[in-house]
Amino acid sequence: MKLLIVYATKNGVSKRACEMLAEKLASHATVELYDVKNDPPSPDGYDACVVGGSIRMTKLSKKLKAYLRANAKTLSNMPSAAFICCGLTNDFEDYVVTEIPKDIKFSLGVHCFGGELKTDRVRGMDKILTYFMRQSILTQDPDKSNRDMIELPEIFPDTIHALAERIRRLKQI
Ligand SMILES: Cc1cc2nc3c(=O)[nH]c(=O)nc-3n(C[C@H](O)[C@H](O)[C@H](O)COP(=O)(O)O)c2cc1C
């Protein structure tokens, strides 16, 4: 089977999540990975498609949204999944409502692939904003003694592996 994965990333987290998905499917499918910036092909002609990216300032990338709009019909008529990477993973459902076009039917679901808020992996303004987002999570619990127990976001390998399993189970074409 031929699988197309299209992602939008700023600091490489969504790309890494997609590479994990591709790796899981490598023995089962021919996987093509595209950054949405590099003019990805239409999903037409592929057996399945996974498309998504990261949230910045509550939004998905404009290029990714344009790709979704341009391919809405094709994605609705084939096995497809959408994903979001975000630092505030509790807000995932809100981002699905505001950022994923409702007219696209993703038969393989819309998934949260997790995300990261690591200041050592980003630069400039991104470093500052990442620091403040981290702090907002770390100070949510007024009991400071629990600070070490508060979980910062990570990529969700279980969600990625579960989606890989669903794709693997698609009827062989
Ligand atoms: C400038 C900036 C703005 C961000 N805004 C949000 C946001 O509004 N909501 C959220 O949940 N995460 C936000 N994040 C966190 C990112 O979604 C998270 O770091 C993600 O893993 C980035 O993935 P990427 O490297 O593929 O772009 C923001 C990160 C940066 C650097």
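Everything numeric in this text was worked out from a predicted model, so none of it was measured.

Engineer: Would you take a moment to explain the overall build of the protein chain for this structure?
Structural biologist: Scanning the protein chain for helices and strands turns up six helices and five strands. Taking 16 Å as the expected radius of gyration for a compact globule of 173 residues, we find that the protein chain reaches 17 Å, a close match to that expectation. When the backbone C-alpha atoms are referred to their principal axes, the protein chain occupies close to 55 × 30 × 25 Å. For the protein chain, with 173 residues in total, the buried portion stands at 35%.

Engineer: Explain unusual backbone geometry to me, please; I cannot follow it from the model alone.
Structural biologist: Notably, Met57 is not glycine yet its phi reads approximately 50 degrees, a positive angle. Within the secondary structure layout, Met57 lies in the loop between β3 (48-54) and α2 (62-70). Backbone geometry at Thr58 places phi at a positive 70 degrees, although glycine is not the residue there. When you line up the elements, Thr58 lands in the loop between β3 and α2.

Engineer: Got a minute to help me understand the domain arrangement of the protein chain in this structure?
Structural biologist: How big an interface is tends to be reported as the loss of accessible area on association of its parts. Looking at the assigned domains, one finds that the protein chain contains domain 1 (2-116 + 153-168) and domain 2 (117-152). Domain 1 and domain 2 are separated by 25 Å when their C-alpha centres are compared. Residue-level contacts link five residues of domain 1 with seven residues of domain 2. Looking at side-chain class alone, the side of domain 1 that touches domain 2 contains two nonpolar, two polar and one charged residues.

Engineer: What is the right way to read the site of the ligand from this model?
Structural biologist: In the neighbourhood of the ligand, 24 residues make up the surrounding shell, with Ser14, Ser54, Cys86, Gly87 and Gly115 lying closest. Top contributing element to the shell around the ligand by residue count: helix α5 (residues 124-138), with four residues. Taken together, the residues of the shell around the ligand break down into 10 nonpolar, nine polar and five charged.

Engineer: It is not clear to me how the sheet that holds β3 should be interpreted in this structure. Could you clarify?
Structural biologist: Spatially, β2-β1-β3-β4-β5 is the arrangement adopted by the five strands of the open sheet, whose pairing is parallel. Since the sheet does not close on itself, it has two edges, and those belong to β2 (30-35) and β5 (110-112), each with one partner. The mean angle between the axes of side-by-side strands here comes to 20 degrees, regardless of whether they run parallel or antiparallel. As paired elements, β3 and strand β4 (residues 80-85) share six bridges and run parallel to each other. Within the sheet, the bridge partner assigned to Val50 lies in β4 and is Ala81.

Engineer: When you look at the environment of Thr119 in this model, what are you seeing that I'm missing?
Structural biologist: By secondary structure assignment, the location of Thr119 is in the loop between β5 and α5. A tally of 14 C-beta atoms within 10 Å means that Thr119 is categorised as partly exposed. Residues Thr119 and Gly45 lie 74 residues apart in sequence; the distance between their C-alpha atoms is 40 Å. Other than its neighbours up to four places away in sequence, Thr119 contacts Lys127, Thr130, Tyr131 and Arg134.

Engineer: For this particular structure, what's the right way to read the nonpolar core?
Structural biologist: Side chains that are nonpolar tend, in soluble globular proteins, to be buried together. Ranked by size, the top nonpolar core spans 39 residues in total, and within it Leu3, Ile5, Leu21 and Ile84 carry the most contacts. Going through the elements one at a time, β1 (2-8), α1 (13-25), β3, α2, β4 and α6 (157-168) are the ones with two or more residues in this core. The biggest single contributor to this core is β1, with six residues.

Calculation criteria
Residues numbered from 1 in each chain as written. Predicted model: local features only at pLDDT ≥ 70, side-chain atom pairs only at ≥ 80, totals over all residues. Helix = DSSP H or I, 4+ residues; strand = E, 2+ residues; numbered from the N terminus. Rg over C-alpha atoms; globule rule 2.2 N^0.38 Å. Buried ≥ 20, exposed ≤ 12 C-beta atoms within 10 Å, placed from the backbone. Domains from an automatic or database assignment. Contact = placed C-beta atoms within 7 Å. Nonpolar A, V, L, I, M, F, W, Y, C, P; charged D, E, K, R; others polar. Near = placed C-beta within 6 Å. Pairing = 2+ DSSP bridges. Axes fitted to C-alpha atoms, helices over the stretch in contact; angles between N-to-C directions. Core = buried A, V, L, I, M, F, W, Y, C linked by C-beta atoms within 7 Å.

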